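Chain and residue survey
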Amino acid sequence: MDSEIAADYSPMLIIYKSGRIERLVGETTVPPSSNPQNGVVSKDVVYSPDNNLSLRIYLPEKAATAETEASVKLPLLVYFHGGGFLVETAFSPTYHTFLTAAVSASDCVAVSVDYRRAPEHPIPTSYDDSWTALKWVFSHIAGSGSEDWLSKHADFSKVFLAGDSAGANITHHMTMKAAKDKLSPESLNESGISGIILVHPYFWSKTPVDDKETTDVAIRTWIESVWTLASPNSKDGSDDPFINVVQSESVDLSGLGCGKVLVMVAEKDALVRQGWGYWEKLGKSRWNGEVLDVVETKGEGHVFHLRDPNSEKAHELVHRFAGFIKGDK
């Protein structure tokens, strides 16, 4: 029967013996809006017709309604949502709320990328889709791309990538690939990326990164099982360089293709020490960019700002996030 459970990954999803997958979170969507929300308008655009994949673009209303042809260019944020590569979308209320707040606070143009999810589309599909989206975004660098909001308003000398959890993992890998594959040879650093923000990044490894990381067997088993479901073909499991960015000797952070990095972690998040480890590894590498201090939110857990966006600490996170994009010291 269709109700027989093959694997239970609550509170994320359930897989039934029939092959049906029931996602328990992140399936609700909200439409984009031409009516300003927090001073921001939005619309959806297809970036990969072959795979029917879209992204959501956010723009401050004052920029959208500007009548002058010589519109002021705004920083460009490309955002990758989290969800363990398994749940959530760029169109969920969670991410629509966050991006609207971030764009309002940052006064930037933002592109929120949707990508295909595991287990139907295992790793590396999410990376491949994200790369396709990033190349589509950069097709507007000369100001003559297919999407007016990007061609007219995006300042490609100020491009920032960001994401939370799995999206932060994707952000790291896109930034590495952008430098390696010379995403933007026209730019000074060839990657075309000014900076990245990693919010509660989903990095992991079979052994703790330091003596402060949790050794709780149930927690570690859960985190590793999520990765195994997302990437069943990883021969090294959670030591795969896609996820074991911090301890893997094959990951050389000196090739990170951006000028500055902000890492944000939460004290009660099981992933907190991985975020600190990334920051430390980057600081010790031959990378010549600017590594900002880690921003750690005390007393909070993983992606707390998405769960309770109206809390004081969530507002503080958005403020720091926006300050990085605006160049605040």
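Up top you'll find the structure we're talking about.
Structure report, in brief. (Residues numbered from 1 in each chain as written. Predicted model: local features only at pLDDT ≥ 70, side-chain atom pairs only at ≥ 80, totals over all residues. Heavy atoms only, no water.)

Another aspect to go through is the overall build of the protein chain. Tallying secondary structure elements over the protein chain gives nine helices and twelve strands in all. On C-alpha atoms alone, the protein chain measures out to a radius of gyration of 19 Å, which is about the 20 Å that the 2.2 N^0.38 rule sets for 329 residues. Across its three principal axes, the protein chain shows a C-alpha extent of roughly 60 × 50 × 40 Å. The proportion of buried residues among the 329 residues of the protein chain is 53%. Sequence separation of at least 24 residues holds for 71% of the intrachain contacts in the protein chain that already meet a minimum separation of 6. Counting only carbon and sulfur atoms, one obtains 49% of the accessible surface of the protein chain, whose full area is about 14400 Å². Computing the positive centroid from 31 side-chain charges and the negative centroid from 44, the protein chain places the two 3 Å apart. (Helix = DSSP H or I, 4+ residues; strand = E, 2+ residues; numbered from the N terminus. Rg over C-alpha atoms; globule rule 2.2 N^0.38 Å. Buried < 20%, exposed > 50% of the residue type's maximum accessible area, 1.4 Å probe, protein only. Contact = heavy atoms within 4.5 Å. Areas by Shrake-Rupley, 256 points an atom, 1.4 Å probe, with all protein chains shown as cover. Lys, Arg positive; Asp, Glu negative; His and termini not counted. Charge placed at Lys NZ, Arg CZ, Asp CG, Glu CD.)

Mapping T297 onto the fold places it in strand β12 (residues 295-297). Not counting the four nearest positions on each side in its chain, T297 is found in contact with V265, A266, E267, F304 and K313.

Taken as a whole, the largest pocket holds about 660 Å³ of empty space. Forming the boundary of the largest pocket are 24 residues, of which M12, G83, H302, V303 and R307 lie nearest the centre. Mapped by element, the contributors of at least two residues to the lining of the largest pocket are α2 (93-106), α6 (217-230) and α8 (304-307). Of all the elements, α6 adds the most residues to the lining of the largest pocket, at three residues. Classifying every residue of the lining of the largest pocket gives 13 nonpolar, six polar and five charged. One number sums up the size of the second largest pocket: a volume of about 340 Å³. Around the second largest pocket, the lining comprises 16 residues; the ones closest to its centre are H173, M176, K177, K180 and F242. When contributions to the lining of the second largest pocket are tallied by element, the ones reaching two or more residues are α3 (125-138) and α5 (166-180). Here the lining of the second largest pocket takes six residues from α5, the largest share from any one element. (1 Å grid on protein atoms, 1.4 Å probe; cavity = no way out; pocket = protein on both sides within 12 Å on 5 of 7 lines; lining within 4 Å. Points joined across faces, edges and corners; volume = space filled by probe spheres on them. Nonpolar A, V, L, I, M, F, W, Y, C, P; charged D, E, K, R; others polar.)

Moving on, we get to the sheet that holds strand β1 (residues 5-9). Strand order in the open sheet formed by three strands is β1-β2-β3, and the pairing between neighbours is antiparallel. Here the strands that pair on one side only, and so sit at the sheet edges, are β1 and β3 (21-23). Within this sheet the neighbouring strands show an average axis-to-axis angle of 10°, counted without direction. With three bridges joining them, strand β2 (residues 13-16) and β3 adopt antiparallel strand pairing. Among the inter-strand pairings, L13 is bridged to a residue of β3, identified as R23. (Pairing = 2+ DSSP bridges. Axes fitted to C-alpha atoms, helices over the stretch in contact; angles between N-to-C directions.)

Right, let's talk about the pattern of salt bridges for a bit. One side chain can pair with another of opposite charge once the charged atoms of both are near each other. Scanning the model with the defined rule gives twelve salt bridges in all. Here K177 and D181 are joined by a salt bridge, their closest N and O atoms 2.8 Å apart. Residue classification places K177 among the partly exposed positions, given a relative accessible area of 30%. Judged by relative accessible area, which is 39%, D181 ranks as partly exposed. (Salt bridge = Lys/Arg side-chain N within 4 Å of Asp/Glu carboxyl O.)

Okay, the nonpolar core next. With 72 residues, the main nonpolar core has L76 and Y278 as its most contacted residues. By residue number, the principal contributor to this core is α3, which donates seven residues. Core analysis: the second largest hydrophobic core is formed by 27 residues, L77, V103, A162 and L262 among them. (Core = buried A, V, L, I, M, F, W, Y, C linked by side-chain atoms within 4.5 Å.)

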